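Structural features, examined
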Amino acid sequence: MTFKEEIQQGIPTELPSPKQYDSLINHAPKRKDILSVDEKKLALRNALRYFDVKHHATLLPEFKNELETNGRIYMYRLRPDYKMYARPISEYPGKCEQAKAIQLMIQNNLDYAVAQHPQELITYGGNGAVFQNWAQYLLTMKYLSQMTEEQTLVMYSGHPQGLFPSHKDAPRVVVTNGMMIPNYSKQDDWEKFNALGVTQYGQMTAGSYMYIGPQGIVHGTTITLLNGFRKINKATKGGLFVTSGLGGMSGAQPKAGNIAGCVTVCAEVNKKATETRHSQGWVDEVISDLDELSSRVKEAIANKKTVSIAYDGNVVDVWEKFDKDNVYIDLGSDQTSLHNPWAGGYYPVGLTYVESNEMMVSNPEAFKAEVQKSLVRQAEAINKHTAKGTYFFDYGNAFLLEASRAGADVLDTKNPMREFRYPSYVQDIMGPMCFDYGFGPFRWVCTSGNPEDLQKTDKIACEVLEEMKKTSPPEIQQQMTDNIQWIKGAQENKLVVGSQARILYADAEGRMKIATAFNDAISKGKIGLVVLGRDHHDVSGTDSPYRETSNIYDGSQFTADMAIQNVIGDSFRGATWVSIHNGGGVGWGEVINGGFGMVIDGSKDAQRRLESMLYWDVNNGIARRSWARNNEAVFAIKRAMKKNPMLQVTLPNFVDDELINKM
Ligand SMILES: NC(=O)c1ccc[n+]([C@@H]2O[C@H](COP(=O)([O-])OP(=O)(O)OC[C@H]3O[C@@H](n4cnc5c(N)ncnc54)[C@H](O)[C@@H]3O)[C@@H](O)[C@H]2O)c1
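In this text, all values refer to a predicted model and were calculated from it rather than measured experimentally. (Residues numbered from 1 in each chain as written. Predicted model: local features only at pLDDT ≥ 70, side-chain atom pairs only at ≥ 80, totals over all residues. Heavy atoms only, no water.)

**What to know about the overall build of the protein chain**
The condition is simple: Numbered from the N terminus, helices here are DSSP runs of H or I no shorter than four residues, and strands are runs of E no shorter than two. In this setup the radius of gyration rests on C-alpha atoms only. A globule is expected at 2.2 Å times the number of residues raised to 0.38. Using a 1.4 Å probe on the protein chains alone, a residue whose accessible area is under 20% of its type maximum counts as buried, one over 50% counts as exposed, and one in between counts as partly exposed.
Check the secondary structure of the protein chain and you find 23 helices and 17 strands. Its C-alpha atoms give the protein chain a radius of gyration of 24 Å, within 12% of the compact-globule value 26 Å for 663 residues. Based on the C-alpha atoms only, the size of the protein chain along its principal axes is roughly 70 × 60 × 55 Å. Within the protein chain, the proportion of its 663 residues that are buried is 62%.

Structure representation (structure tokens):
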């Protein structure tokens, strides 16, 4: 059977042979055994409904075993034998280019070189799922290969509900992930309902088919580090950044540190994750001994070297060792997966990786206590460093939130506007310097799969930004300079893992102008079709009080209107697919985030759609940030209104502090 035929067949009528467990691959940890006996029966019934009754007797013991062994039913037997990667768009079966492009994006999210636990359909973040099981994958790919431009595929948390009649201008796919009745949105609700097979944690770009490997985050991390060092008036050369995690997103940190030019120390407990990033060239050196680490770092700082070092062990040990050895840390952060603290997101100090994995299943309560003890110890060590001058920021992984819940001394008792004694990277850096001006992680994928196309698009984007910079106001000159530098170095920095993709922070005008220039190049036959998109972690896409909207202080940081409005607005302005998720980044119940994908094909129709949608997609968030009285956003939205009289945004009046304080 050819690749196209395999996709078109969906779930095979005759069952393939069972698959051997592949121990060379990074697998998801065993999930919590949370279901009652009756609920386990329900989970099995739910799983079997994808199959003809004639297969039930064969599959039942197998799925029961998966549920008992993994805490989930992944349906490993259904995993396809073909290689999983983003093929050139022409290799996908289908009746419309849009649906073929989505197949490409899905396969990229499951590529073994890209995904964290590919056989469990997890792209990143420990639990960021594209699908809950392989039957959903097969069925979805089949629907995409059949759909026309008069249909929309409806996705409920990885489950393809089916193709519904719609129209050419409608999104081809509408994705919802983890949307719960609000009272059922606690961590254990995810464990239970995910185990039942009725919902999933889509993270941000995992369940929305918009992950582009770690480069997606390298750019944002580079910007954060550059601006972080600017904030403390320290040159990156000779500066030290200490953090943790070499996983899906966190693995970008050492690479970003190298691009910024500092010394980076990144601790990681999972040897496989360290090996992956080291073999990919994303981290320069691996050190397993704390004394050796300490002297290597001192030497690198003294010689102003640009080097990234993975510490093969627990990050708590690094914070404590550097305090003891008086290694001065300029910038500090943490990127363990604390949005998922009890199920493999955070490994407590004092236990080995294997011991932790066992304990989180055999004795979850004791494991939880170990995690909390470790967080308190980590915060204590961090506090000692910040007392000496280290600038510590929360990296959007819920570190401060979970540390505070564990009883660590991280609360801000002095400033009523801030909950924690350390800012999040959005409060101090990303929010006021990027999001409020409309700058965010715009990205594109060249569907031809040809690296030359990517090179051409890089050149086009660079020319657009250089032209724009000539007339940009002083307020955004630094952003323009950083982004031009980024795109100029993009090829040399060898950022591509998986599809031919590029990320480039840009504002509304930049995104529209770059997309227009791409559409023009496609119409002239210079490049193939392009998918436009962005991370959900953006100006307008995400409502998350401890991350993306943590620099909103009018109380509305606990509302989710912006993300919902955004995805609805995108869907009727021309997006090819839209997605809205609960969870992602900081945890289930803690954030609502959405995004889009848009296929442009060089047509006038694509031009109309990109102008309409990209404009809304950014300005929605700026308007909300402006209403929250963020000065940078007020500036940006006034500028946008001046340029387009059709835009009329309600502006805030600023109240005199003295008047309020007299009350
Ligand atoms: N700041 C951002 O822009 C941003 C973007 C995306 C994600 N995040 C957040 O960062 C976190 C990490 O994301 P990810 O995709 O890399 O997750 P991940 O699970 O792939 O990686 C986290 C890594 O941390 C390691 N780890 C856990 N505890 C450790 C410890 N005590 N010491 C050393 N290593 C430890 C794990 O082994 C794992 O490899 C998530 O919570 C995510 O939501 C932040």
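This is not the end of the story, as more comes after the structure.
**Regarding the nonpolar core**
The cut-off we apply is this: Among buried residues, the Ala, Val, Leu, Ile, Met, Phe, Trp, Tyr and Cys ones that are joined through side-chain atoms within 4.5 Å form a nonpolar core. Only heavy atoms enter the contact rule, under which two residues are in contact if any of them lie within 4.5 Å.
Ranked by size, the top nonpolar core spans 141 residues in total, and within it Ile 106, Tyr 137, Trp 444 and Leu 532 carry the most contacts. Beyond its immediate stretch of four places on either side in the chain, Leu 532 contacts Met 210, Phe 442, Arg 443, Trp 444, Ala 515, Phe 518, Phe 596, Gly 597, Met 598, Ile 600, Leu 610 and Leu 614. Val 349, Leu 401, Val 410 and Val 591 belong to the second-largest nonpolar core, a separate cluster that totals 44 residues.

**Some remarks on the site of the ligand**
Applied cut-off: Near residues are defined by distance, with any heavy atom within 4 Å of the molecule or strand qualifying the residue. We call two N or O atoms a polar contact when they sit within 3.5 Å, provided that within protein one can donate a hydrogen and the other can accept it, with sequence-adjacent residues counted only if both atoms are side-chain atoms. Using a 1.4 Å probe, the Shrake-Rupley method yields the accessible areas, and only the shown protein chains count as cover for residues. Residues are sorted three ways: Asp, Glu, Lys and Arg are charged, Ala, Val, Leu, Ile, Met, Phe, Trp, Tyr, Cys and Pro are nonpolar, and all the rest, Gly among them, are polar.
In the neighbourhood of the ligand, 32 residues make up the surrounding shell, with Ser 250, Glu 268, Ser 337, His 339 and Tyr 395 lying closest. Between an oxygen atom of the ligand and a main-chain N or O atom of Gly 125, the distance comes to 3.3 Å. Separating an oxygen atom of the ligand from a backbone N or O atom of Met 249 is a distance of 2.9 Å. Taking 840 Å² as the accessible area of the ligand by itself, protein coverage stands at 97%. Along the lines of polarity and charge, the residues of the shell around the ligand split into 11 nonpolar, 19 polar and 2 charged.

**A word on helix α9 (residues 271-279)**
We count it as follows: Arc, as used here, means the arc of the directions from the helix axis to the C-beta atoms.
Every buried residue belonging to α9 is among Ala 273, Thr 274 and Arg 277, and all of these are buried. Looking straight down α9, one finds that the buried residues subtend no more than 100° of arc, so they occupy a single side. Of the residues in α9, the exposed ones pointing more than 90 degrees away from the buried face are Lys 271, Glu 275 and Ser 279. Buried residues along α9 sit in contact with β7 (263-268), β8 (285-287) and β9 (307-312).

**Observations concerning unusual backbone geometry**
Positive phi, close to 55°, is recorded for Asn 233, a residue that is not glycine. Within the secondary structure layout, Asn 233 lies in the loop between α7 (215-231) and β6 (240-244). With phi around 50°, Lys 304 is a residue other than glycine that occupies positive phi space. Locating Lys 304 in the fold gives a position in the loop between α10 (290-302) and β9.

**A few points about the sheet that holds β7**
We apply this condition: In short, DSSP must find at least two bridges between two strands for them to pair.
Spatially, β8-β9-β7-β6-β10-β11 is the arrangement adopted by the 6 strands of the open sheet, whose pairing is parallel. At either end of the open sheet lies a strand with only one pairing partner, and these are β8 and β11 (391-392). The sheet contact formed by β6 and strand β10 (residues 331-332) spans 2 bridges and is parallel. Each bridged residue has a counterpart across the sheet, and for Val 242 the counterpart in β10 is Gly 332.

**A look at the pattern of salt bridges**
Selection criterion: Salt bridges are counted wherever a side-chain nitrogen of Lys or Arg sits within 4 Å of a carboxyl oxygen of Asp or Glu.
Tallying each qualifying case throughout the model produces 41 salt bridges. Across the salt bridge formed by Arg 72 and Glu 191, the nearest N and O atoms sit 3.0 Å from each other. Taken together, the positions of Arg 72 in the loop between α3 (56-70) and α4 (97-110) and Glu 191 in helix α6 (residues 187-196) put the pair 119 residues apart, joining distant regions of the chain. For the pair formed by Arg 72 and Glu 191, the shared burial category is buried. Between Lys 321 and Asp 291 there is a salt bridge, and its shortest N-O distance comes to 2.5 Å. Residue Lys 321 is located in helix α11 (residues 315-324), and its partner Asp 291 is located in helix α10; the two are separated by 30 residues in the primary sequence. By relative accessible area, which is 49% here, Asp 291 ends up partly exposed. Each of the salt bridges in this network shares a partner with another, and the network as a whole consists of Lys 168, Asp 169, Asp 605, Arg 608 and Arg 609.

**As for the environment of Ser 603**
When you line up the elements, Ser 603 lands in the loop between β17 (592-600) and α21 (604-627). Residues Ser 603 and Val 649 lie 46 residues apart in sequence; the distance between their C-alpha atoms is 31 Å.

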